[in-house]
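Observations on chain architecture
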Amino acid sequence: MTSQTAPKGAVPAAVPARVPTPDQIRRAPKVLLHDHLDGGLRPRTVVELARERGYAGLPETDPDRLGGWFRQAADSGSLERYLETFRHTAAVMQTRQALVRVARECAEDLAADGVVYAEVRYAPEQHLDAGLTLQEVVEAVDEGFRQGERLAREAGHRIRIGALLTAMRHAARSLEIAELANRYRDSGVVGFDIAGAEAGHPPTRHLDAFEYLKRENNHFTIHAGEAFGLPSIWQAIQWCGADRLGHGVRIVDDIDVHEDGSVTLGRLASYVRDKRIPLELCPTSNLQTGAAASYAEHPIGLLRRLHFRVTVNTDNRLMSHTGLSREFEHLVNAFGYTLDDLQWFSVNAMKSAFIPFDERLAMINEVIKPGYAELKSEWLFRQTASTSGSGRAEGGPP
Ligand SMILES: O=c1[nH]cnc2c1ncn2[C@H]1C[C@H](O)[C@@H](CO)O1
Ligand SMILES: [Zn+2]
């Protein structure tokens, strides 16, 4: 649970430390850049789709127990074993109907969690087993996102979702998937990505796909610096030209923290910071795959302090039993982050999105900043009310 007490000595006693409550975190407008469609299904949906499709391979058929199984199986400390759990979600995402449902529920779940803009990724090549074409997969997912956006609006939430098409790094379809991303760029697809086991599968194997996208003035991110360190990040940026880094957490290997607290950045870390290359950090996922030992020790604390372009993400909500609000709760608990920090992460993420500049700016000025201003005004009101002894201060700051 989120601590409501300020870190000792952090602020003068008369001014309450603005540690946001879980409810405020959920209501805060958030931006999500790294979330896998096949890593975010509701456990109940997995069970129901498996039944409909006759898939008998699920380790559990009770939704609660299945949710627990995913979380535990993904807790292995190894990216390779973490990735094995996706065979079950992929198995139930093979028909148009299933893809529409999963994408619709994804949009509804993110919206209910206070996400106002999301880029959700999936690998079309993993959804062809029942005869769908790559195009049919993309169109089904797009239909689901649009349905979900509409349902969310009816429920009083505002969300916009763009898709990222992922190519699997161990496979050989990246150019084809990049062409697909380009073809659908005005129809709900905003960019491209490569994912899958990192060690032994360098991003440079997919150079033709990245070069094609650059020629097309299109955008891409690359999973790099998660299970493998600096060489992977270096290749993703300097050979492939990635706009963002999926994870990139191991950039800390190029930062020396000295005993007196001062730091020295290596050439690569300096480059990433100087060029404002966005890091799509995913705290819980990193704990599960062994990239960090605890939330408090997660490099996000250092990277935020050094003003890297840090963003906070979920990666796989099912496998990590998380959501974006929960990721922020963990960080608030570990680092004492305030609403100002949450706004900083959200603006960072919005600046780093793959939609056009004017649309990003409109989201920042018309949705994100006013949303945080409103939450902060609640603090002011509660503070005034409790100081004057007249209003109700429950749920407010200590
Ligand atoms: O964190 C990750 N690292 C590398 N690959 C990942 C991660 N999370 C999910 N994937 C893979 C498994 C999915 O099937 C695929 C497409 O979403 O992307
Ligand atoms: Zn990922």
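Residues numbered from 1 in each chain as written. Chains lettered and ligands numbered in written order. Predicted model: local features only at pLDDT ≥ 70, side-chain atom pairs only at ≥ 80, totals over all residues.

1. Details of the UniProt feature "site: Important for catalytic activity" (unreviewed entry) in the protein chain
When the UniProt feature table is mapped to this numbering, "site: Important for catalytic activity" (unreviewed entry) covers H247. Not counting residues within four places of it along the chain, the set of residues in contact with H247 comprises H223, A224, G225, E226, E280, L281 and C282. (UniProt positions renumbered as here; feature names shortened; annotations may be inferred. Contact = placed C-beta atoms within 7 Å.)

2. A few points about the site of ligand 1
Taken together, 18 residues are adjacent to ligand 1, and H36, F86, A123, A195 and H223 come closest. Among the secondary structure elements, those contributing two or more residues to the shell around ligand 1 are helix 4 (79–84) and strand 2 (115–122). In terms of residue class, the shell around ligand 1 is built from six nonpolar, eight polar and four charged. (Near = placed C-beta within 6 Å. Helix = DSSP H or I, 4+ residues; strand = E, 2+ residues; numbered from the N terminus. Nonpolar A, V, L, I, M, F, W, Y, C, P; charged D, E, K, R; others polar.)

3. Some thoughts on the nonpolar core
With 109 residues, the main nonpolar core has L99, A103, A107, V141 and I159 as its most contacted residues. At nine residues, helix 6 (residues 96–112) tops the list of elements feeding residues into this core. In contact with A107, not counting residues within four places along its chain, are F145, G148, E149, A152, I159 and I161. (Core = buried A, V, L, I, M, F, W, Y, C linked by C-beta atoms within 7 Å. Buried ≥ 20, exposed ≤ 12 C-beta atoms within 10 Å, placed from the backbone.)

4. What about helix 2 (residues 43–53)?
Listed as buried for helix 2 are P43, V46, V47, L49 and A50. Buried residues along helix 2 sit against helix 3 (63–73), helix 5 (86–91) and helix 6. Looking one or two places after helix 2, you find G54, whose phi comes out positive at around 75°.

5. Concerning the sheet that holds strand 10 (residues 310–312)
Within a beta sheet, neighbouring strands are joined by backbone hydrogen bonds and run either parallel or antiparallel to one another. On the basis of which strands lie adjacent, the open sheet formed by eight strands has the order 1-2-3-4-5-6-9-10 and parallel pairing. Of all the strands in the sheet, the pair left with one neighbour each is strand 1 (30–36) and strand 10. Between one strand and the next, the sheet's axes are offset by a mean angle of 25°, whatever the strand orientation. Pairing between strand 9 (residues 279–281) and strand 10: three bridges, direction parallel. (Pairing = 2+ DSSP bridges. Axes fitted to C-alpha atoms, helices over the stretch in contact; angles between N-to-C directions.)

6. With respect to helix 15 (residues 339–351)
An ideal rise of 1.5 Å per residue puts 18 Å on 13 residues; helix 15 measures up with 18 Å between its terminal C-alpha atoms. Taken together, the buried positions of helix 15 are L339, L342, Q343, F345, S346, N348, A349 and M350. (Expected span 1.5 Å × (residues − 1).)

7. What about the pairing of strand 6 (residues 244–247)?
Across four bridges, strand 5 (residues 220–224) lies against strand 6 in parallel orientation. For T221, the partnering residue across the bridge sits in strand 6 and is R244. Remark: the strand 5/helix 10 (residues 230–239)/strand 6 crossover connection has right-handed handedness. Taken together, the two bridges between strand 6 and strand 9 define a ladder with parallel strand orientation. Bridge pairing links L245 to L279 in strand 9. (Right-handed = clockwise from strand over helix to strand, strands pointing away.)

8. A word on the confidence of the model for the protein chain
Confidence in the prediction of the protein chain, expressed as mean pLDDT, is 92, and 91% of residues score 70 or more. Contacts for the low-pLDDT stretch residues 389–398, under 50 throughout, to residues beyond four places or in other chains number 20 contacts. Two summary scores accompany this predicted model of the complex, namely pTM at 0.92 and ipTM at 0.99. (pLDDT = per-residue confidence, 0-100.)

9. Looking at the UniProt feature "binding site: substrate" (unreviewed entry) in the protein chain
If you check UniProt for "binding site: substrate" (unreviewed entry), the listed places come out as H36, D38 and G196 in our numbering. In three dimensions, the annotated residues from a span of 161 residues occupy one location, with a maximal C-alpha spread of 12.7 Å. Along the chain, the position of H36 falls in strand 1. You can call H36 buried: it has 26 C-beta atoms within 10 Å. Ignoring anything within four residues of it in the chain, the contact list for H36 reads R121, Y122, D315 and N316. Position of G196 among the secondary structure elements: in the loop between strand 4 (189–195) and helix 9 (207–215). The residues touching G196, leaving out its near neighbours within four places in the chain, are L83, M168, R169, H170 and H201.

10. A look at unusual backbone geometry
Unlike most non-glycine residues, H307 shows phi in positive territory, near 65°. Here H307 shows up in the loop between helix 13 (300–305) and strand 10. Its 11 C-beta neighbours within 10 Å are what place H307 among the exposed residues. Unlike most non-glycine residues, H321 shows phi in positive territory, near 45°. Positionally, H321 belongs in the loop between strand 10 and helix 14 (324–335). Residue classification places H321 among the partly exposed positions, given that 18 C-beta atoms sit within 10 Å.

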